Amino acid sequence: MNQTVGKIASDLMLKTPDSNDPIEIQRATEQEYLDNLMWCVQHALKKVDCSSIASHDECKNRTALEGDFYVAALLKKEKLLQNVLRNYFIATKSCPTPTFDQTIYKYNSKKEAIEFLWVVPDQETALTLKDNKQIVVPSERGLLQFVLDYYNGNLHRVCKQLNGETMNAGSLLEGF
């Protein structure tokens, strides 16, 4: 019998965890995250068969992404289920505009490798880090730098550069 995410989440809220070891939980979460990131890349390259997935009917007709491309990992909290967070992995040809709850990777086709570009946490965490930058612990300084780069526009400039865009707004129309 297939259970809904809501039923599973409700049951988990009532259940005592099988393991209280945060390291074990973190490792399992990280492995699932990496597996999903790799699946997204392979899916974008059309190297996986997704024909059995109901919502993937259009995959048969689309072309594979060629050359370098980007993967946005978006973290979303389920509105009705307080203990459910989901990562969504979306492959795009152009670099996505930086926003909250987002991690960006670049697939380097020459190296056949996934490169981490940046992460921006949720807005509340970002503001807390920014407002308390003088007392951020060393292990969180890398994240702090991404937050500062987000707020000062550096991530947006990197995004535009990766997309071959100019830094100036708008475009000049001649001959009209």
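Being a predicted model, the structure only gives us computed values, none of them experimental.

(A) Structural detail: the overall build of the protein. Broken down by element type, the protein carries five helices and four strands. Starting at the N terminus and ending at the C terminus, the protein contains elements arranged as α-α-β-β-β-β-α-α-α. Scored against the burial criterion, the 176 residues of the protein give a buried share of 26%. Considering only contacts in the protein between residues 6 or more positions apart, those separated by 24 or more positions represent 49%. Of the roughly 12700 Å² of accessible surface on the protein, 53% is carried by carbon and sulfur atoms.

(B) Spatial organisation of the packing of helix α3 (residues 123–131) against helix α4 (residues 141–151). At a minimum axis distance of 9 Å, the contact between α3 and α4 shows a crossing angle of 100°. When the axes of α3 and α4 are compared, the pair comes out roughly perpendicular. Each of Q123, A126, L127, L129 and K130 in α3 lies in contact with α4, whose residues at this interface are L143, L144, V147, L148 and Y151. In the contact of α3 with α4, the residues fall into eight nonpolar, one polar and one charged.

(C) Looking closely at the environment of V71. Within the secondary structure, V71 is located in strand β1 (residues 69–77). The buried category is assigned to V71, whose relative accessible area is 1%. Look past the residues within four positions of V71 in its chain and what remains in contact with it is L37, C40, V41, F89, I90, A91, T103, I104 and Y105.

(D) How the structure looks around the packing of aromatic side chains. Taken as a whole and assessed by the stated rule, the structure comprises eight aromatic pairs. Each ring, one from Y33 and one from F89, has its centre 5.0 Å from the other, and the planes form 70°; the classification is edge-to-face. Note that Y33 is positioned in helix α2 (residues 22–44) and F89 in strand β2 (residues 85–92), a separation of 56 residues in sequence. By relative accessible area, Y33 is classed as buried at 18%. For F89, a relative accessible area of 18% translates into the label buried. Three or more aromatic residues joined by ring pairs form one cluster here, namely Y33, F89, Y105, F116 and F146.

(E) Layout of the nonpolar core. Among the nonpolar cores identified, the biggest contains 12 residues, and these are Y33, L37, C40, V41, A44, L45, F69, V71, A73, F89, Y105 and Y107. Listed by contribution, the elements that provide at least two residues to this core are α2, β1 and β3 (102–108). No other element matches the five residues that α2 contributes to this core. Sequence-distant contacts of Y107, defined by excluding residues within four places in its chain, comprise V41, L45, G67, D68, F69, E112, A113 and I114. If you look at the next biggest cluster of nonpolar residues, it comprises 10 residues, including A72, L74, W118 and F146.

(F) Seen up close, the sheet that holds strand β4 (residues 113–120). Taken in spatial order, the four strands of this open sheet run β2-β1-β3-β4, and their pairing is antiparallel. Either end of the sheet is taken by a strand with one partner, and the two such strands are β2 and β4. Within this sheet the neighbouring strands show an average axis-to-axis angle of 20°, counted without direction. Bridge count between β3 and β4: seven bridges; the pairing is antiparallel. Pairing of Y107 across the sheet is with I114, part of β4. Contacts from helix α5 (residues 154–162) reach β1, β3 and β4 within the one sheet, and its direction differs from that of β4 by about 145°.

(G) Expanded view of unusual backbone geometry. One non-glycine residue with positive phi stands out, namely D101, at about 55°. Relative to the helices and strands, D101 resides in the loop between β2 and β3. In the Ramachandran plot, E112 falls in the positive-phi region, its phi being about 50° despite a non-glycine side chain. Tracing the backbone through its elements, the reader meets E112 in the loop between β3 and β4.

Rules behind the numbers
- Residues numbered from 1 in each chain as written.
- Predicted model: local features only at pLDDT ≥ 70, side-chain atom pairs only at ≥ 80, totals over all residues.
- Heavy atoms only, no water.
- Helix = DSSP H or I, 4+ residues; strand = E, 2+ residues; numbered from the N terminus.
- Buried < 20%, exposed > 50% of the residue type's maximum accessible area, 1.4 Å probe, protein only.
- Contact = heavy atoms within 4.5 Å.
- Areas by Shrake-Rupley, 256 points an atom, 1.4 Å probe, with all protein chains shown as cover.
- Axes fitted to C-alpha atoms, helices over the stretch in contact; angles between N-to-C directions.
- Parallel < 35°, antiparallel > 145°, perpendicular 65-115°, else oblique.
- Nonpolar A, V, L, I, M, F, W, Y, C, P; charged D, E, K, R; others polar.
- Phe/Tyr/Trp six-rings, centres within 6.5 Å; stacked < 30°, edge-to-face > 60°.
- Core = buried A, V, L, I, M, F, W, Y, C linked by side-chain atoms within 4.5 Å.
- Pairing = 2+ DSSP bridges.

Note that every value here comes from positions in space, so none of it alone points to a role or purpose.
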